[in-house]
Amino acid sequence: MSRLLHPNAAHVADTLISRGHHGVVVNSPEGTHTAADAAAALGVEVGAIVKSMVFLLDDEPVLLLVSGAHNVHLEHTGERLGGTLARADLRTAKHATGQPIGGIAPVGHPTNLDTFVDQDLAAHPELWAAAGHIDTIFRSSYSELLRITAGLAIDVT
């Protein structure tokens, strides 16, 4: 029996399609609260999981798409981006994306967020990202992720 997509996930699917992606979003019965959870549910390396994380760059929200195998080095990444980088609080992240923590997708936000993509994601031919809700995901590739987000590649470690 198929479950209907959460409205956030349906919006992400529509956004993906409008940007030339196949738009297939799936429900993950195991949940995708963490990159490790998602990797285990999909049977992939944790590095192939895309963590969509909101940060403040000089007080402006930005989106970093980070390999599940990495943590963002705030000082070095901020220097690369030309400012001071700090983790956004939950309220700011939710306001900027319209999506819950643990389910933030790379697309489908009410605001136009500058997006930066962890260059180490390129090592994986297939990537998986949250789709707007904690139990929804979609498949992509590194080049496609750069294209659909208009993201810039960056070293985040």
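Computed from a predicted model, the values in this text were never measured in an experiment. (Residues numbered from 1 in each chain as written. Predicted model: local features only at pLDDT ≥ 70, side-chain atom pairs only at ≥ 80, totals over all residues. Heavy atoms only, no water.)

**Student:** With reference to specific residues and values, describe the overall build of the chain.
**Tutor:** Across its full length, the chain carries five helices and eight strands. Sequence-ordered secondary structure for the chain, helices as α and strands as β, is α-β-α-β-β-α-β-α-β-β-β-α-β. A globule of 157 residues ought to have a C-alpha radius of gyration of about 15 Å, and the chain, at 14 Å, matches this closely. The 157 residues of the chain split such that 48% are buried. Looking at the chain as shown, the accessible area adds up to about 7700 Å², and 53% of this sits on carbon and sulfur atoms. Each charge sign in the chain was given a centre, from 9 positive and 17 negative side chains, and these centres are 6 Å apart. (Helix = DSSP H or I, 4+ residues; strand = E, 2+ residues; numbered from the N terminus. Rg over C-alpha atoms; globule rule 2.2 N^0.38 Å. Buried < 20%, exposed > 50% of the residue type's maximum accessible area, 1.4 Å probe, protein only. Areas by Shrake-Rupley, 256 points an atom, 1.4 Å probe, with all protein chains shown as cover. Lys, Arg positive; Asp, Glu negative; His and termini not counted. Charge placed at Lys NZ, Arg CZ, Asp CG, Glu CD.)

**Student:** Tell me about the side chain of Thr136, and name the residues and values.
**Tutor:** Note on placement: Thr136 falls in strand S7 (residues 136–140). Separated by 3.1 Å, the side chain of Thr136 and the backbone oxygen of His133 make a polar contact. (Polar contact = N/O pair within 3.5 Å; in protein donor to acceptor, adjacent residues only side chain to side chain.)

**Student:** Any chance you could break down the pattern of salt bridges for me, citing the residues and the numbers?
**Tutor:** Two side chains bearing opposite charge may form a pair once their charged atoms approach each other closely. Enumeration according to the criterion identifies three salt bridges in this entry. Measuring nitrogen to oxygen at the nearest pair gives 3.5 Å for the salt bridge that ties Arg80 to Asp155. Taken as a pair, Arg80 in helix H3 (residues 74–81) and Asp155 in the segment after strand S8 (152–154) lie far apart in primary sequence, 75 residues in all. Looking at Arg80, the relative accessible area reads 41%, which means it is partly exposed. For Glu126, the salt bridge identified is with Arg139, shortest N-O distance 3.8 Å. You can see Glu126 sitting in the loop between strand S5 (114–118) and strand S6 (127–130) and its partner Arg139 sitting in strand S7, a full 13 residues away along the chain. (Salt bridge = Lys/Arg side-chain N within 4 Å of Asp/Glu carboxyl O.)

**Student:** Give a description of helix H2 (residues 35–42) that names residues and reports values.
**Tutor:** Where H2 is concerned, the buried positions are Ala35, Ala38 and Ala39. Down the axis of H2, the smallest arc covering the buried residues is 100°, so these residues share one side. Buried-residue contacts for H2 involve strand S2 (49–57). Backbone geometry just after H2 places Gly43 at a positive phi near 70°. (Arc of directions from axis to C-beta. Contact = heavy atoms within 4.5 Å.)

**Student:** Pulling in residues and values, what's your account of helix H5 (residues 142–149)?
**Tutor:** All of the buried residues in H5 are Tyr142, Glu144, Leu145, Ile148 and Thr149. End-on, the buried residues of H5 take up no more than an arc of 160°, which puts them together on one face. A positive phi of about 55° marks Ala150, the residue just after H5.

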